[in-house]
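An overview of the molecular structure
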Amino acid sequence: MNGPALAAIAAQLVVTVAGAPLLVGLMRQVRARLEGRAGAGVGQPWRDLRKLLRRPPVTPRGTGWAFRLAPLLLVGSALVLAAIAPLVTVASPLDALADLFAVVGLLALGTVTLALAALDTGTAFGGMGASREITVLALVEPTILVAGFALSARVGSTNLAAIVTATLHDPLRVASPASLLAAAALLIVVIAETGRLPVDNPDTHLELTMIHEAMILEYAGSDLALVELAAAMRLTIMLGLLASLFVPWGIAGASLVALPLAVVIFVAKVAALGAGLGAVEVFVAKLRLFRVPELLAGSFVLALLAVASSFFLA
Amino acid sequence: MAVFTLWRKIRQVGRTAEPRPPHPGGLSCPKAAALRGSVQVRHVDAGSCNGCEIEIGSAFGPVYDGERYGARLVASPRHADVLLVTGPVTRNMAVPLLRTFEAVSEPRIVVAVGDCAVNAGEFAGGYGVRGAVADVVPVDVDLPGCPPEPAAIVAALRGFTGR
């Protein structure tokens, strides 16, 4: 492993870990401003994390290893994703691992760990949240894979870096029907997977409408800080992947020189996506839980159409 | 289109939040020193008439905007640093209040919001009332008023966040 490659991986890790809470803060700030409030500032999630990290975790009575391991596994899988995904550079030595299946598997690993931890608490809301999260996961995973196939079919590889590189060499691909349909499908799926409106409301206090929030009700202190950091990192990584797959310009290659610029462009792209998502959330209400499968089935149809058009129209 | 109507409304209304009043000064509780600008608040209704609930709702609404000082209402006592307890503690809510208090990890701050919570107020000695909040859990800060104004609630929270 050579110097520039290590620098690239380090840059990706630092940007995602340091930037993820800021992204959440930015989205909250955009929402606050549009709602006529002043907002707590972009740095508030970091202040929350700093405080939570210094509070002791609580182990509720009756919980076992699943509950205690989940925050570590969740952060671990998010860190691995941040290291391997082509966010800032396509020339990372870990690119061989950045396979579509590996990325989807790592995302699912985090989700399933948290669902098991929620079941482990034995509370009514934990079980309810876990069952809902797995329902959403079961509908989301096929869509990510199928939409990924629409992009990988033309490249002949399911390696994400290879897909991004191919798009860089042939920019008109982005405007092809397959790519546009896959982008729409993936956007819906990212919103569902990261627990944003209209699928899940991250700011809710109503236990009956919660999905992600219901699973983490029993976490406290530094455990909660890890879970929140991992959730923010997953949001950053998924928005970053979306940006890399469909607007890859500015991503760095093998050289070290382009790295600072690539980091700046990556931050700008993810911030723009996040601010847009935050603004849209002001205008939409949460969907009824029974309507969520319809939305996700719609995104699956888009992904299926994307695959079909990548074969027939390409 | 509903979206454009809403967008026009957002443009017309602009900022609803009132200008930030000067900080009340100092921390209102020594335990709050560890929080440093971030306070997660869990609200417990121990038998209130809902007058205080309306004021707490306003304190986090667009006009007073308690969130800008770093305070946030959360869904679980495990996430919380501060408990806002309202109402005289009724017999049915005494045990749930105690359990909620125990679910908050140390250091925990309890605020008795409103006259009923401070000294059982109008309902003192009632057959369904166990007593004031301080009779069930240790109270750190009293916030009298029937109900206390949103500005007073926000000022108390700013005493914890220090912002």
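Residues numbered from 1 in each chain as written. Chains lettered and ligands numbered in written order. Predicted model: local features only at pLDDT ≥ 70, side-chain atom pairs only at ≥ 80, totals over all residues. Heavy atoms only, no water.

Description of the overall build of chain B
- Helix and strand counts for chain B come out as five helices and seven strands.
- Counting from the amino terminus, helix and strand elements in chain B follow one another as α-β-α-β-β-β-α-β-α-β-β-α.
- For 163 residues, the compact-globule estimate of 2.2 N^0.38 gives 15 Å, and chain B sits close to it at 17 Å.
- C-alpha atoms of chain B, sized along the principal axes, occupy 55 × 35 × 25 Å. (Helix = DSSP H or I, 4+ residues; strand = E, 2+ residues; numbered from the N terminus. Rg over C-alpha atoms; globule rule 2.2 N^0.38 Å.)

Focus: the interface of chain A and chain B
- Each partner contributes residues to the interface: chain A has 32 residues there, and chain B has 36 residues.
- The contact between chain A and chain B buries some 2800 Å² in all, and 47% of this surface belongs to carbon and sulfur atoms.
- Among the residues of chain A in contact with chain B, K51, R55 and F283 of chain A are the three that bury the most area, contributing 23% of the side total.
- The interface formed by chain A and chain B contains five salt bridges.
- Of the charged contacts, one joins R78 of chain B and E218 of chain A as a salt bridge, the two residues approaching to 2.8 Å between their closest N and O atoms.
- Our count for the chain A to chain B interface comes out at 19 residue pairs in polar contact (both at pLDDT 80 or more).
- Elements that contribute at least two residues to the side of chain A that touches chain B include exactly α1 (3-34), α2 (44-53) and α10 (259-283) of chain A. (Contact = heavy atoms within 4.5 Å. Buried area = accessible area lost by both parts, 1.4 Å probe. Salt bridge = Lys/Arg side-chain N within 4 Å of Asp/Glu carboxyl O. Polar contact = N/O pair within 3.5 Å; in protein donor to acceptor, adjacent residues only side chain to side chain.)

Comments concerning the confidence of the model for chain B
Residue and element names in this part refer to chain B.
- For chain B, per-residue confidence averages 89 on the pLDDT scale, and 99% of positions sit at 70 or higher.
- Here helix α1 (residues 2-13) is the element of chain B with the lowest mean pLDDT, 88, and strand β4 (residues 89-90) is the one with the highest, 94.
- Both scores are available for the predicted complex, with the pTM at 0.92 and the ipTM at 0.90. (pLDDT = per-residue confidence, 0-100.)

Considering empty space enclosed by the protein
Residues and elements named next belong to chain A.
- Taken as a whole, this structure holds three cavities of 30 Å³ or more when the rule is applied.
- Reported here for the largest cavity is a volume of approximately 190 Å³.
- For the lining of the largest cavity, the residue count by class is 16 nonpolar, one polar and no charged.
- Estimates place the volume of the second largest cavity at around 60 Å³.
- Around the second largest cavity, the lining residues are L151, R154, V155, I163, T167, R173, V174, S179 and L245.
- Sort the elements by how many residues they give to the lining of the second largest cavity and helix α5 (residues 124-155) lands first, with three residues.
- When its residues are assigned to classes, the lining of the second largest cavity shows five nonpolar, two polar and two charged. (1 Å grid on protein atoms, 1.4 Å probe; cavity = no way out; pocket = protein on both sides within 12 Å on 5 of 7 lines; lining within 4 Å. Points joined across faces, edges and corners; volume = space filled by probe spheres on them. Nonpolar A, V, L, I, M, F, W, Y, C, P; charged D, E, K, R; others polar.)

What about the pattern of salt bridges?
- Tallied over the full model, the rule gives 14 salt bridges over all chains.
- A salt bridge links R37 of chain A to E67 of chain B, with the nearest nitrogen and oxygen atoms 3.6 Å apart. Highlighted residues: R37 of chain A in the loop between α1 and α2 and E67 of chain B in the loop between α2 (51-59) and β2 (71-73), drawn from two different chains.
- For E67 of chain B, a relative accessible area of 23% translates into the label partly exposed.
- Residues E106 of chain B and R108 of chain B are paired through a salt bridge, measuring 3.2 Å at the closest nitrogen-oxygen approach.
- Taking the relative accessible area as the measure of exposure, E106 of chain B reaches 46% and is therefore partly exposed.
- Judged by its relative accessible area of 16%, R108 of chain B falls in the buried class.
- Sharing partners across several salt bridges, the network here consists of R31, E35, R37, R196 and E281 of chain A together with D65, E67 and R68 of chain B. (Buried < 20%, exposed > 50% of the residue type's maximum accessible area, 1.4 Å probe, protein only.)

Quick notes on a nonpolar patch on the surface
- Together, W65, L69, L72, L73 and L109 of chain A make up an exposed nonpolar region whose accessible area comes to about 520 Å².
- It is helix α3 (residues 65-84) of chain A that provides the largest number of residues to the nonpolar patch, a total of four residues. (Patch = residues over 30% accessible without salt bridge, like charges linked within 9 Å, V, L, I, M, F, W, Y side chains within 5 Å. Areas by Shrake-Rupley, 256 points an atom, 1.4 Å probe, with all protein chains shown as cover.)

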